[in-house]
Amino acid sequence: MATETGAEEDVDLLDSFRQFFALERDVLVLSLSMLAFSLAFQMTSRYIPEYMRLLGASAGVIGLYGSVGNLISAVYPYPGGAVSDRIGSRLALTAFATLATVGFGIWYLASVVGDITLGATTLPAWALVFVGLFLAQAWKSFGLGATFAIVKQSVPSQRLAMGFASTEMFRRIGFLLGPLAAAALLATTATFVDGFQRVLLVALACGLVATVAQHVLYDASEDTLGKSFEGIDQILADLRTMPATLRPLLVADTLVRFANGMVYVFFVIVVTEFLSVGFTGFGVQLRPDAFFGVLLGVEMVVAILSMAPVAKLTEWAGLKPAVALGFLVYAVFPLLLIFAPDDQWVLVLLFAFSGLRFAGLPAHKALIVGPAEQDAGGRVTGTYYLLRNTLVIPSAALGGWLYGSEWAVSVGGVALQAGPELAFGVATVVGLVGVAYFIAFGREFEAYR
C-alpha cells in the first residue's frame, strides 16, 4: 500500500520523487509498460487511416474502421476489468500485451500480402487492418480496468489524481516519442507505405520487450481479487450500483467523445491531403505525413508539461475544473483545425493547444475510479467505459459519411453541404453541448471537496 508523504524521516531524493508522483513499485512497472505500448500504439494507430487510404479504402471505410475501434473500446474494458479483478492484474496484462503485439504484426502484413483472391472474391489489403485492430487494441482496452485497479490499490484516495498523473506522464512520453520516431522513419523513406512498414516493425519490437518486462517485474503479491464474473446479471448489477458521482460525468464524457470520435481518424488525412501542409525550416524539409508526426509530438509536449501541475492543482481546486478544461479543448479543436489556413506554424500552435485536452485526464480518471470500492475498481471502470464507448460506437461511421458524401441541403435558407467542413463543424457543436452539461451538472469527488 502507498505510504503517506512524510511518514518516514529519512527519505532520499529518489524516494521523494517517487512519493510525489505516487510511483509505488507496481505503479512504476505499470507506468513503464504504458510507456512502451503507448510508444508502439502511437507510432502506428494515428497513421492507420492514411495507411488504409493508400491501400484503397474510401472515407466511408475509414470511418467504419473508427467505429469498429469504438466497438472494441466498448466491448473490451468490461471483461478485461472483470478478468483482472478475478485472476489478478499481472496475468491479465501479460495476456493482453501478447495479443496487442500480434496485432502490430498483422498490420505489417497488410501491405506485404496485399489483396487476397479467394475464388471469385477478392479481399482488399485494408481488410487485414481490421483484423489487426481487434488484437492491437487489447492492451489498451482489455487492460483498462487492470491499470485503474493497480493505481486504486496503490495510492491513497486523496492522491488518486497524482497517481494517475504518474502513469499518464509515462504514457504520454510514449505518445510524444512514438509520433516523432514515426516522423523520422517516414522522412528517410521515399514513400509513406515503405516508411510505415518500418514503423510497424519497431512497434512490434516494443510490444515484445514490454510484454516480457511487465510479466517479470510486476509484483503480484499485493493484488486484491474481487468476485468472479457472473455474466449479464453482474453487468446489470454493476450498472444499477454505479456511483451517483459518475452519472453526469458519463453523460458529458459521452457527448464529448462522440464528437471527437466523428473526426479523430481524419486528423491525419486533413493534414496530409485536405490541407496538405508540410514543414520547411531549420534546414529540414518534411512531407505532410512526416510533419503530422511532429505535430503530434508538439501536442504531447504540452500534455506532458501540463498534466502534473494540473493534477497537483486539483488537490486545492478540485477535479471538476480540470476535467471541464479537457472537455472544452476536445470540443473546439475540430472546428479550429478544419478551418485553419494551410500554414505550418498555425498548425503547430493548434496542436499545442490540443495538448491541453490531456491536462484534465488524470483528474478525469480519478473522478471515475475514486468512488469505487477497493476490490471493484476494475469492474467500475469497465462498466463506465462499457456505457460510454457503446454509445460512441457509431460516431466515426457518421463522421466518415459526412466527410466523404456528396450531397447538399438547405436548412432555413442556409446551405449545408456534406464534406470535411460539415463533419468537423457538427463534431464541435456536439462537443460543446457536452461541456455545457458537465459544467451545469458535474459533481465533485468527496476526497477533493
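Counting starts from 1 at the beginning of each chain's written sequence and moves along it residue by residue. Reporting in this predicted model follows two pLDDT cut-offs: at least 70 for local features of residues, and 80 or more for side-chain atom pairs to be given and counted; totals over whole chains, interfaces and linings ignore these cut-offs and use all residues. Heavy atoms from the whole structure form the basis of all side-chain values; hydrogens and water molecules are not counted.

J.: I would appreciate a short explanation of the overall build of the protein chain in the present structure.
T.: On a plain count of helices and strands, the protein chain comes out with 21 helices and six strands. Here's how the labels work: a residue is buried when its accessible area is under 20% of the maximum for its type, exposed when over 50%, partly exposed in between, all with a 1.4 Å probe on protein chains only. Here the protein chain, with 449 residues, has 58% of them falling under the buried criterion. Residues are treated as being in contact if the distance between any of their heavy atoms lies within 4.5 Å. Taking contacts inside the protein chain between residues at least 6 apart in sequence as the whole, the part at least 24 apart equals 84%. Only the protein chains shown count as covering a residue, and every accessible area follows the Shrake-Rupley method with a 1.4 Å probe. When the accessible surface of the protein chain is split by element, carbon and sulfur atoms take 66% of a total near 17,800 Å². A helix here means a DSSP run of H or I that spans at least four residues, while a strand means a run of E at least two residues long, and both kinds are numbered starting from the N terminus.

J.: Hey, could you run me through the pattern of salt bridges in this one?
T.: Two side chains that carry opposite charge are able to pair once their charged atoms sit near each other. We count a salt bridge whenever a side-chain nitrogen from Lys or Arg sits within 4 Å of a carboxyl oxygen from Asp or Glu. For the structure on display, the rule yields seven salt bridges. Here Arg53 and Glu50 are joined by a salt bridge, their closest N and O atoms 2.9 Å apart. You can see Arg53 and its partner Glu50 sitting in helix H3 (residues 48-54), three residues apart, about one turn around the helix. Overall, Arg53 belongs to the partly exposed group, its relative accessible area being 28%. With a relative accessible area of 5%, Glu50 lands in the buried category. Taking the shortest distance from any N to any O, the salt bridge between Arg287 and Asp289 comes out at 2.9 Å.

J.: Help me understand helix H18 (residues 361-369), please; the structure alone is not making it clear to me.
T.: The α-helix advances 3.6 residues per turn, and as a result positions three or four apart in sequence lie on the same side. With nine of nine residues buried, H18 is to be regarded as a mostly interior element. Those residues of H18 not exposed but buried are Leu361, Pro362, Ala363, His364, Lys365, Ala366, Leu367, Ile368 and Val369.

J.: What's the story with a nonpolar patch on the surface in this structure? I'm lost.
T.: The patches described consist of residues with a relative accessible area above 30% and no salt bridge, like charges being joined within 9 Å and nonpolar side chains (Val, Leu, Ile, Met, Phe, Trp, Tyr) within 5 Å. Together, Val83, Ile87 and Leu91 make up a nonpolar patch on the protein surface, roughly 240 Å² of accessible area in all. If you trace the backbone, Ile87 turns up in helix H5 (residues 77-87).

J.: How should I be thinking about helix H11 (residues 192-217) in this particular structure?
T.: Expected span of a helix, by definition, is 1.5 Å for each gap between consecutive residues, and there is one gap fewer than residues. In a regular helix each residue adds 1.5 Å, so 26 residues correspond to 38 Å; H11 covers 37 Å between its end C-alpha atoms and thus fits that length. Within H11, burial applies to Phe192, Gly195, Phe196, Gln197, Val199, Leu200, Ala203, Cys206, Gly207, Ala210, Thr211 and Gln214.

J.: Is there a simple way to explain the environment of Ala138 in this structure?
T.: Relative to the helices and strands, Ala138 is located in helix H8 (residues 138-142). Placed 45 residues apart in sequence, Ala138 and Leu93 show a C-alpha to C-alpha distance of 9.3 Å.

J.: Where do I start with the packing of helix H16 (residues 320-338) against H18 in this structure?
T.: Packed helices, taken two at a time, are described by the angle their axes make and the gap between the axes. For helices, the axis comes from a line fit to the C-alpha atoms of the stretch in contact; other axes are also lines fit to C-alpha atoms, and the angle between any two N-to-C directions lies between 0 and 180 degrees. Their axes nearest at 8 Å, the elements H16 and H18 cross at an angle of 120°. It follows that H16 is oblique to H18 by the angle criterion. Crossing handedness for the pair H16 and H18: left-handed. Only Ala363, His364 and Leu367 of H18 make contact with H16, whose side of the interface consists of Ala322, Val323 and Phe327. Between 65 and 115 degrees an angle is taken as roughly perpendicular, under 35 as roughly parallel, over 145 as roughly antiparallel, and anywhere else as oblique. Here a crossing is called left-handed whenever its near helix is offset anticlockwise from the far helix by less than a right angle, and right-handed whenever the offset is clockwise.

J.: What is the right way to look at the confidence of the model for the protein chain in this model?
T.: Should pLDDT be low for a region, the predicted coordinates there are not to be read in detail. Per-residue confidence for the protein chain gives a mean pLDDT of 81; residues scoring 70 or more make up 75%. Counting interchain partners and residues more than four positions distant, the pLDDT-below-50 stretch residues 224-229 has 21 contacts. Confidence scores labelled pLDDT are given residue by residue by the predictor and lie between 0 and 100.

J.: Help me understand the nonpolar core, please; the structure alone is not making it clear to me.
T.: Definition of nonpolar core: a set of buried residues of the types Ala, Val, Leu, Ile, Met, Phe, Trp, Tyr and Cys, connected through side-chain atoms within 4.5 Å. Formed by 81 residues in total, the largest nonpolar core has its most connected members in Met52, Trp107 and Phe424. Broken down by element, this core gets its largest block of residues, nine residues, from helix H6 (residues 89-113). Viewed by domain, this core spans two of them, domain 1 (23-218) and domain 2 (240-448), each represented by three or more residues. Excluding residues that lie within four positions of it along the chain, Phe424 makes contacts with Val263, Phe266, Phe267, Val270, Pro334, Leu335, Leu337, Ile338 and Tyr403. Among the nonpolar cores identified, the runner-up in size contains 23 residues, and Met242, Ala252, Ala324 and Tyr330 belong to it. Note: domain ranges come from an automatic or database domain assignment.

J.: For this particular structure, what's the right way to read the environment of Thr101?
T.: Mapped onto the elements, Thr101 comes out in helix H6. Filtering out sequence-adjacent residues up to four positions away, Thr101 remains in contact with Phe37, Leu204, Gly207, Leu208 and Thr211.

J.: Explanation requested: unusual backbone geometry in the structure shown.
T.: It is generally the case that most residues other than glycine have a negative phi and that most peptide bonds are trans. A positive phi angle is found at Ser276, which is not glycine, with a value near 50°. Counting through the fold element by element, Ser276 comes out in the loop between helix H14 (267-274) and strand E3 (279-281). Judged by relative accessible area, which is 46%, Ser276 ranks as partly exposed. Of note in this structure, Phe282 is not a glycine but carries a positive phi near 55°. Within the secondary structure, Phe282 is located in the loop between E3 and strand E4 (284-286). Residue classification places Phe282 among the exposed positions, given a relative accessible area of 73%.

J.: What's the story with the packing of aromatic side chains in this structure? I'm lost.
T.: Think of a pair of aromatic rings as described by two things: how far the centres are apart, and how the planes are tilted against each other in angle. What counts as a ring pair is set by centres within 6.5 Å for rings of Phe, Tyr and Trp (its six-membered ring), and what kind of pair is set by the plane angle: stacked under 30 degrees, edge-to-face over 60, tilted for all other angles. All chains considered together, the criterion is met by 22 aromatic pairs. With a centroid separation of 5.8 Å and 80° between ring planes, the pair formed by Tyr65 and Phe130 is classed as edge-to-face. Of this pair, Tyr65 sits in helix H4 (residues 59-75) while Phe130 sits in helix H7 (residues 127-136), placing them 65 residues apart in sequence. According to the relative accessible area criterion, Tyr65 is buried, its value standing at 7%.

J.: Is there a simple way to think about the packing of helix H20 (residues 395-404) against helix H21 (residues 420-441) in this case?
T.: Axis separation between H20 and H21 bottoms out at 6 Å; the angle between their running directions is 145°. Judged by the twist between their axes, the crossing of H20 over H21 is right-handed. Each of Gly399, Leu402 and Tyr403 in H20 lies in contact with H21, whose residues at this interface are Pro420, Leu422, Ala423 and Phe424.

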